[in-house]
Amino acid sequence: RKEVEQDPGPFNVPEGATVAFNCTYSNSASQSFFWYRQDCRKEPKLLMSVYSSGNEDGRFTAQLNRASQYISLLIRDSKLSDSATYLCVVSGSARQLTFGSGTQLTVLP
Amino acid sequence: DAGVIQSPRHEVTEMGQEVTLRCKPISGHDYLFWYRQTMMRGLELLIYFNNNVPIDDSGMPEDRFSAKMPNASFSTLKIQPSEPRDSAVYFCASSLAGQALYFGAGTRLSVL
């Protein structure tokens with residue numbers, strides 16, 4: 001089993017739609033969780049950290065479920081500019097972060 | 001504030017040549033990571049440093065790869081000799097206390 005698993009997609013959604021991504025992780029001792037966004041031919045960029053109580057940043061909401069070992073990202077009112085690959089990131093041992101393989105999102109006009 | 005700075009941005013070389021990639025982390029960050037990204041294998045961790053000391057190099061593909069961090073503001077990743085299968089985007093990233101990573105723009109390496 002991979003340490004961090006994501007549905008690779010692609011997700012193709014119309015502008016204004018709500019879309020959700022899930023990510024599962026295998027290390028129950030993981031303490032830190034993040035979502036990154038990567039545009040084509042660019043570096044990954046931090047989108048948001050994921051906190052135990054869940055957190056929101058504008059149109060983006062992140063949730064953590066420790067019992068089931070998954071994190072989620074919800075994007076409301078999606079924009080064309082949201083088109084990117086979304087990477088789930090989980091801390092492993094010795095402060096090492098493990099990246100999922102990414103979920104590709106395309107928002108269509 | 002300057003982010004992570006990598007050079008060169010693009011490198012084209014011939015098989016067998018030595019390649020050196022450079023990275024300047026964000027000032028004050030105590031962790032530095034080298035990643036490689038390809039379409040087939042995604043983002044792979046090669047090696048990381050804490051306070052300039054290599055902690056885990058288990059991701060380094062083979063002896064042709066080496067990395068150094070002589071001081072807190074500079075790191076190199078060297079490939080000698082390079083091979084076509086080394087073609088990839090190499091990212092350097094830094095973090096404070098092992099929290100969120102901040103990536104450089106990457107070096108796109110093509111080995112012919």
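The structure we're discussing is the one just above.
Residues numbered from 1 in each chain as written. Chains lettered and ligands numbered in written order. Predicted model: local features only at pLDDT ≥ 70, side-chain atom pairs only at ≥ 80, totals over all residues. Heavy atoms only, no water.

(A) Quick look at the pattern of salt bridges. Residue and element names in this part refer to chain B. If you walk through the whole model with that rule in mind, you get 12 salt bridges over all chains. We note a salt bridge from Arg41 to Glu44, for which the minimum N-O separation is 2.8 Å. Residue classification places Glu44 among the buried positions, given a relative accessible area of 16%. Three or more residues joined by partner-sharing salt bridges are found here, namely Glu62, Arg64, Glu83, Arg85 and Asp86. (Salt bridge = Lys/Arg side-chain N within 4 Å of Asp/Glu carboxyl O. Buried < 20%, exposed > 50% of the residue type's maximum accessible area, 1.4 Å probe, protein only.)

(B) Highlighting the sheet that holds strand β7 (residues 65-71) of chain B. Residue and element names in this part refer to chain B. With respect to topology, 4 strands assemble into an open sheet ordered β1-β3-β8-β7, the strand pairing being antiparallel. On the outer flanks of this sheet lie β1 (5-7) and β7, each paired with one strand and no other. On average, each strand axis in the sheet is inclined to that of its neighbour by 15 degrees, with strand direction left out of account. The pairing of β1 with strand β3 (residues 19-24) spans 3 bridges and is classified as antiparallel. (Pairing = 2+ DSSP bridges. Helix = DSSP H or I, 4+ residues; strand = E, 2+ residues; numbered from the N terminus. Axes fitted to C-alpha atoms, helices over the stretch in contact; angles between N-to-C directions.)

(C) Quick peek at the state of the cysteines. Under the criterion given, the structure shown has 2 disulfides over all chains. At a sulfur-sulfur separation of 1.9 Å, the disulfide partner of Cys23 of chain A is Cys88 of chain A. In this structure the cystine formed by Cys23 of chain A and Cys88 of chain A twists about its S-S bond by roughly -70 degrees; its chirality is therefore left-handed. Pair noted here: Cys23 of chain A is in strand β3 (residues 19-25) and Cys88 of chain A is in strand β9 (residues 84-91), with a separation of 65 residues, a long-range link. Each member of the pair Cys23 of chain A and Cys88 of chain A is classed as buried. The disulfide bridge from Cys23 of chain B ends at Cys92 of chain B, spanning 1.9 Å between sulfur atoms. Here the disulfide of Cys23 of chain B and Cys92 of chain B is left-handed, its torsion about the S-S bond being about -65 degrees. Placement of the pair is Cys23 of chain B in strand β3 and Cys92 of chain B in strand β9 (residues 88-95), with a sequence separation of 69 residues. (Disulfide = S-S within 2.5 Å.)

(D) Spotlight on the packing of aromatic side chains. Throughout the structure, instances matching the rule amount to 14 aromatic pairs over all chains. Put simply, the rings of Phe34, Tyr36 and Phe99 of chain A together with Tyr31, Phe33, Tyr35, Tyr48, Phe91 and Phe103 of chain B pair up and form one aromatic cluster. (Phe/Tyr/Trp six-rings, centres within 6.5 Å; stacked < 30°, edge-to-face > 60°.)

(E) Fine view of unusual backbone geometry. The omega torsion across Ser7 of chain B and Pro8 of chain B is -10 degrees, close enough to zero to call that bond cis. Considering the arrangement of structural elements, one finds Pro8 of chain B in the loop between β1 and β2 (10-13). The omega torsion across Gln80 of chain B and Pro81 of chain B is -5 degrees, close enough to zero to call that bond cis. In this structure, Pro81 of chain B sits in the loop between β8 (74-79) and β9. One non-glycine residue, Gln69 of chain A, lies in the positive phi region at around 55 degrees. Note that Gln69 of chain A resides in the loop between β7 (60-65) and β8 (70-75). Unlike most non-glycine residues, Asn51 of chain B shows phi in positive territory, near 50 degrees. Here Asn51 of chain B shows up in the loop between β5 (42-50) and β6 (53-56).

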